[in-house]
Amino acid sequence: MNGSASGYISGMTTDLKLFIAGEWTEGSGDDHYEVRSPVSGEHIYNVPKASQADIDHAVMAAREATEQMRHWTAFERAELCLRIYELWQTRVEDVARILTLEQGKPYAAESIDDIAESGDYFQIAAEDVKRFSGELIPTTERHRRMFTVHRPVGVWAAITPWNFPVMIPMEYVGPGLATGNSIIVKPPEFTSWALLEMAKVFEEAGVPKGAISVIPGAGDIGEALVTHDGIDAIGFTGSSATGKRIVSQMGLKRSIMEMSGNGPTIVTSDADIKKAAEAAVYGAYYNAGQVCCATERVIVVDDVHDDFVEATLKSAQEVRLGDPFDDNTNMGPLNNSPTADKMDRHVADARERGAEILMGGGRAKGHPTDLYYEFTVIDRVPEDAQVSQEESFGPVLPILSARDDSDAVAVANRTHLGLQAAVFTNDLSKAFWYADRIRSGTVVVNDSTDFWETFQPFGGAAGTDTGWGRQRIEEFTDLQTIVFSLREDM
Ligand code: ADP
């Protein structure tokens, strides 16, 4: 039985099932994963480990579902997406509770919005697909007509991470389903409950059996999908290292790859310092910093360094680390030990290189697990420090210095992870000067690097990923050209 959120009782372990080919199943394997909550440390659920036969079954059912949907009109697909969107809204609070329990993000401050917005992908895709058309292409001969139509790519494997365990899968499922694709989602096993709970909505909405399956698991399950001949395309959101491995294994499959960022926030001499500090702090503590467009580095022009540090330390007083089910909390524990260990390494390395830890810098005491990390501010960070070079993915705000604007751009661009950057300036010309020079998929002026809209084109420059284009639904289609030869005597 899949437990329901409101039914969760402390000390109780729920046995989840896989959602394959429209059925709830224990799978045919004889193994399972045991999952503990980062919030309490309790063993909260078991989830079966799928066998190769389960994966083959999901792929086969997905292929059949794609065939079934082949002749649906865009309006029929849009109607299905809107049904999902409407049912989704009725489940938000229950599923948000599970999300907090398994992921650690604060319930009132983040989980509710996170789950609600995840449903928006269906509404947006439903709207987009009704106006999504091919083109009539001019021809050289009078008796010919040439036009294009968008066809579904086919069966996708969406391999997704643990920081947004419901929202990121829906980035693929919403537009993918709206354009007639089937999607097999593979979330990490340790953040799969909220997603499996939401999969009940797909069933209730009447999604064709097999069009959406959910198979939680570790990297080996992901690899089995990446290399499967029955999968046409890969959607991947995760680390750059895993992304590179997937690209080397997937052959000629279509793909959308969204990977790491090392988001610089630049604070210039004419910035609104208070606003810049608040945005940088927010970008560093939201979801405990476990966001691909988090504030990973703050590059401050020397003239305003001291004012910025003072404003940051003041703003950081607003971070309230604690029990994520407490409405007053705005930062919960980190999700997992590797992430907390990386934070420890980055802080120790920065300290060794002479940086100053102005606040935090370690695991907070007195919590049920050792994943509660202090909000950390580090000043005078040298550029070669790990916390500057790599994505920390934790609640840390490293401050780097720049002599002037040119130096700030140079520091910002010395990265291979150019996903989303922010610039604080009150000078319009300077804002464009920066936007023209920063190698980053998105440049946000006067707001946090964490700025996000569900319909925003998103993707990195400087090799971080291929990202999403202006029309998300287009990424899920193949363009087909149809050429007509008409009677020449008319
Ligand atoms: P993180 O380091 O943040 O956990 P990963 O990139 O390792 O990020 O994980 C993102 C997703 O990729 C997860 O669903 C994970 O299970 C999956 N994954 C990990 N290794 C592989 C692999 N070799 N092939 C396919 N998927 C993988």
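All values reported here derive from a predicted model rather than from experimental measurement. (Residues numbered from 1 in each chain as written. Predicted model: local features only at pLDDT ≥ 70, side-chain atom pairs only at ≥ 80, totals over all residues. Heavy atoms only, no water.)

Student: Looking at this structure, I do not really get the nonpolar core. What am I missing?
Tutor: As a rule of thumb, soluble globular proteins bury nonpolar side chains together. Counting residues in each nonpolar core, the largest one holds 92 residues, and the members touching the most others are Ile84, Trp88, Leu177 and Phe202. A total of nine residues in this core trace back to one element, the largest contributor, which is helix α6 (residues 193-205). Summarising the domain contributions, this core has at least three residues from each of domain 1 (4-259 + 467-477) and domain 2 (264-445). Residue contacts for phenylalanine 202: discarding those within four places in its chain leaves Ile84, Trp88, Phe122, Met170, Val173, Val207 and Ile212. (Core = buried A, V, L, I, M, F, W, Y, C linked by side-chain atoms within 4.5 Å. Buried < 20%, exposed > 50% of the residue type's maximum accessible area, 1.4 Å probe, protein only. Helix = DSSP H or I, 4+ residues; strand = E, 2+ residues; numbered from the N terminus. Domains from an automatic or database assignment. Contact = heavy atoms within 4.5 Å.)

Student: In this structure, what is going on with the sheet that holds strand β4 (residues 32-36)? I would like to understand it.
Tutor: The pairing of strands in a sheet happens through backbone hydrogen bonds and is either parallel or antiparallel. What the three strands build is an open sheet, ordered β1-β5-β4; its pairing is mixed. In this open sheet, the two strands that pair with only one neighbour each are β1 (14-15) and β4. Of the strand pairs in this sheet, β1 and strand β5 (residues 43-48) are connected by two bridges, and their pairing is parallel. Each residue of the ladder has a partner; that of threonine 14, found in β5, is tyrosine 45. (Pairing = 2+ DSSP bridges.)

Student: I would appreciate a short explanation of the environment of isoleucine 168 in the present structure.
Tutor: Among the structural elements, isoleucine 168 can be located in helix α5 (residues 167-178). Sequence separation between isoleucine 168 and phenylalanine 236 is 68 residues, and the spatial gap between their C-alpha atoms is 9.5 Å.

Student: Explain the pairing of β5 here, please?
Tutor: Counting buried residues in β5 gives five out of six residues, a clear majority hidden from the surface. Where β4 and β5 come together, five bridges link them in antiparallel fashion. Following the sheet pairing, valine 35 is matched in β5 by tyrosine 45. Connecting β4 to the next strand, β5, in antiparallel fashion are six residues, including glycine 41 with a positive phi near 85°.

Student: Looking at this model, I keep getting lost on the site of the ligand. Mind explaining?
Tutor: Around the ligand sit 17 residues in total, of which Thr160, Trp162, Lys186, Ser239 and Thr242 are the nearest. Measuring from an oxygen atom of the ligand, one finds a backbone N or O atom of threonine 160 at 2.7 Å. Between the ligand and serine 239 there is a distance of 2.7 Å, counted from an oxygen atom to a side-chain nitrogen or oxygen. Relative to its free-state accessible area of 560 Å², the ligand is covered by the protein chains to the extent of 78%. The cavity where the ligand resides is the largest pocket. Those elements giving two or more residues to the shell around the ligand turn out to be α7 (219-226), β11 (233-237) and α8 (240-249). Looking at the shell around the ligand residue by residue, the class counts come to six nonpolar, eight polar and three charged. (Near = heavy atom within 4 Å. Polar contact = N/O pair within 3.5 Å; in protein donor to acceptor, adjacent residues only side chain to side chain. Areas by Shrake-Rupley, 256 points an atom, 1.4 Å probe, with all protein chains shown as cover. 1 Å grid on protein atoms, 1.4 Å probe; cavity = no way out; pocket = protein on both sides within 12 Å on 5 of 7 lines; lining within 4 Å. Sits in = over half its atoms within 2 Å of the grid points. Nonpolar A, V, L, I, M, F, W, Y, C, P; charged D, E, K, R; others polar.)

Student: Which parts of the structure should I look at to understand the layout of surface pockets?
Tutor: Summary: where empty space remains is shown by rolling a probe the size of a single water molecule over the atoms. Size it by volume and the largest pocket reaches roughly 840 Å³. Looking at the lining of the largest pocket, the elements with two or more residues in it are α7, β11, α8 and α11 (337-352). Split into classes, the residues belonging to the lining of the largest pocket amount to 16 nonpolar, 16 polar and eight charged. Each of domain 1 (4-259 + 467-477) and domain 2 (264-445) contributes no fewer than three residues to the lining of the largest pocket. Volume-wise, the second largest pocket comes out at about 510 Å³. Lining the second largest pocket are 24 residues, with Glu117, Phe164, Tyr286, Asp450 and Trp452 sitting closest to its centre. Elements supplying a minimum of two residues to the lining of the second largest pocket: α4 (107-130) and α5. When residues of the lining of the second largest pocket are sorted by domain, at least three fall in each of domain 1 (4-259 + 467-477) and domain 2 (264-445). (Points joined across faces, edges and corners; volume = space filled by probe spheres on them.)

Student: Is there a simple way to think about the domain arrangement of the protein in this case?
Tutor: One frequent convention defines the size of an interface as the accessible area lost when the parts assemble. Domain assignment breaks the protein into domain 1 (4-259 + 467-477) and domain 2 (264-445). The distance between the C-alpha centroids of domain 1 and domain 2 comes to 31 Å. Taken together, the contact pairs 25 residues of domain 1 with 25 residues of domain 2. For the pair domain 1 and domain 2, the summed buried area comes to about 1,800 Å², and 58% of that belongs to carbon and sulfur atoms. Applying the counting criterion to the domain 1 and domain 2 interface returns zero salt bridges. At the boundary of domain 1 and domain 2, one finds eight residue pairs in polar contact (both at pLDDT 80 or more). Those elements that provide at least two residues to the side of domain 1 that touches domain 2 are α3 (92-103) and α4. At five residues, the largest contribution of residues to the side of domain 1 that touches domain 2 is made by α3. Its residues assigned to classes, the side of domain 1 that touches domain 2 comprises 11 nonpolar, nine polar and five charged. (Buried area = accessible area lost by both parts, 1.4 Å probe. Salt bridge = Lys/Arg side-chain N within 4 Å of Asp/Glu carboxyl O.)

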